[in-house]
Amino acid sequence: MKIAVISDIHSNLVALRTALSHIKLQQVDRIICLGDAVGYGPRPNECVELLRRNSYICLMGNHDHAVLGLTDTRYFNSYAREAVEWTRSVLTPENLDYLRNLPFFFSENDFLFVHSTPLHPEDWEYIFSEKQARDYMKQMKQRICFVGHSHVPMVFPEHERSYYREESILEFREQKYIVNVGSVGQPRDHDPRLCYVLFDTESGWLKFVRLKYDYEETAREILEKGLPPFLAMRLAEGY
Ligand code: ZN
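As the structure is a prediction and not an experimental result, all values here were calculated from the model.

Before going further, it helps to examine helix α4 (residues 78-90). Along its 13 residues, α4 runs 19 Å from first to last C-alpha, staying within 8% of the 18 Å computed at 1.5 Å per residue. All of the buried residues in α4 are A80, A83, V84, W86 and T87. For α4, the secondary structure elements touched by its buried residues are α2 (44-54), α3 (62-67) and α8 (229-237). The backbone nitrogen of Y79 has a side-chain oxygen 3.1 Å away, supplied by the residue at the start of α4, namely N77.

Structure, rendered in structure tokens:
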């Protein structure tokens, strides 16, 4: 089966539309979204509705959780907190209901999908180092875990150095992997192009797709909606 894995849309409708039109041409069987549909960006309702229509499953992210009032936002920076409060005030009751019912995990055969970490995704920890990734891999039952959350695309193999390159084959019958799929709506690896992943569940073929999108339009809307200007500026930097 060929799947597309997207994450961290963050109410960036221009980026989401660009990603979805590209995905439509790839003949995937499923689109799986790892969460953070909302937060930071100017179009939460439209993004949630597009995800409802297009994704096979969508998971709970920390910003979705925070918008529902279920995660303590004292640990969010002030820009994120302001965006969470604004998002809560504009989401329709139907879209809030949809977010409330998002699961923390999706797992099928050898594959696990979560927003943050394999074991307790609701703690919203980040995986940045090889050591952290290995500690999680020791305990996880599946062969590959797909995560988002840090907005930094990366592959963590169990027995090799972590890497980021456009295409690779994951030998998941030999070793386990954690794959960070990057972010559609707010990339943070100093590359402003949106990022998502294509994966073949038989061969282990993995591809990071990077696409230019009109981030200036999203930045303009962020300012129009009165959200923090920093959230507009960072889209151009990819950070
Ligand atoms: Zn996020």
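Right, let's get into the packing of helix α7 (residues 215-224) against α8. Axis separation between α7 and α8 bottoms out at 8 Å; the angle between their running directions is 175°. Judged by the inter-axis angle, α7 sits roughly antiparallel to α8. Mapping the contact onto sequence places Y215, T218, A219, I222 and L223 in α7 and P229, L231, A232, L235 and A236 in α8. Its residues assigned to classes, the contact of α7 with α8 comprises nine nonpolar, one polar and no charged.

Once that is clear, we can look at the environment of R161. Note on placement: R161 falls in the loop between β7 (154-157) and β8 (167-169). R161 gets classed as exposed once you look at its relative accessible area, which sits at 63%. Through-space distance from the C-alpha of R161 to that of E130 is 7.4 Å; in sequence the pair is 31 residues apart. At 3.0 Å, the side chain of R161 and the side chain of E130 are in polar contact.

Let's shift gears to the sheet that holds strand β5 (residues 111-114). Strand order across the open sheet formed by five strands is β4-β5-β6-β9-β7, with mixed pairing between neighbours. Each edge of the open sheet carries a strand with a single partner, namely β4 (105-108) and β7. Each adjacent strand pair in this sheet contributes to an overall mean axis angle of 15°, direction not counted. The sheet contact formed by β5 and strand β6 (residues 144-147) spans three bridges and is parallel. What sits directly across from F113, in β6, is F146.

Moving on to the sheet that holds strand β1 (residues 2-6). Taken in spatial order, the six strands make up an open sheet running β3-β2-β1-β10-β11-β8, and their pairing is mixed. For this open sheet the edge positions go to β3 (57-58) and β8, each flanked by a neighbour on one side alone. Sheet contacts for helix α1 (residues 13-24): β1, β2 (30-33), β10 (194-200) and β11 (205-211); angle to β10, the most-contacted strand, approximately 30°.

Let us now look at the side chain of S168. With respect to the helices and strands, S168 occurs in strand β8. Looking at S168, the relative accessible area reads 8%, which means it is buried. The contact partners of S168, leaving out residues within four places of it in the chain, are Y163, G204, W205 and L206.

Proximity of charged atoms lets side chains of opposite charge pair with each other. For the structure on display, the rule yields 14 salt bridges. One salt bridge connects K138 with D135, and the closest N-O pair in it is separated by 3.7 Å. Taken as a pair, K138 and D135 lie in helix α6 (residues 130-139) at a separation of three residues, close to a single helical turn. With relative accessibility at 29%, the residue D135 sits in the partly exposed group. Connected through shared salt-bridge partners, R43, E46, E221 and K225 make up one network.

Calculation notes
Residues numbered from 1 in each chain as written. Predicted model: local features only at pLDDT ≥ 70, side-chain atom pairs only at ≥ 80, totals over all residues. Heavy atoms only, no water. Helix = DSSP H or I, 4+ residues; strand = E, 2+ residues; numbered from the N terminus. Expected span 1.5 Å × (residues − 1). Buried < 20%, exposed > 50% of the residue type's maximum accessible area, 1.4 Å probe, protein only. Contact = heavy atoms within 4.5 Å. Polar contact = N/O pair within 3.5 Å; in protein donor to acceptor, adjacent residues only side chain to side chain. Axes fitted to C-alpha atoms, helices over the stretch in contact; angles between N-to-C directions. Parallel < 35°, antiparallel > 145°, perpendicular 65-115°, else oblique. Nonpolar A, V, L, I, M, F, W, Y, C, P; charged D, E, K, R; others polar. Pairing = 2+ DSSP bridges. Salt bridge = Lys/Arg side-chain N within 4 Å of Asp/Glu carboxyl O.

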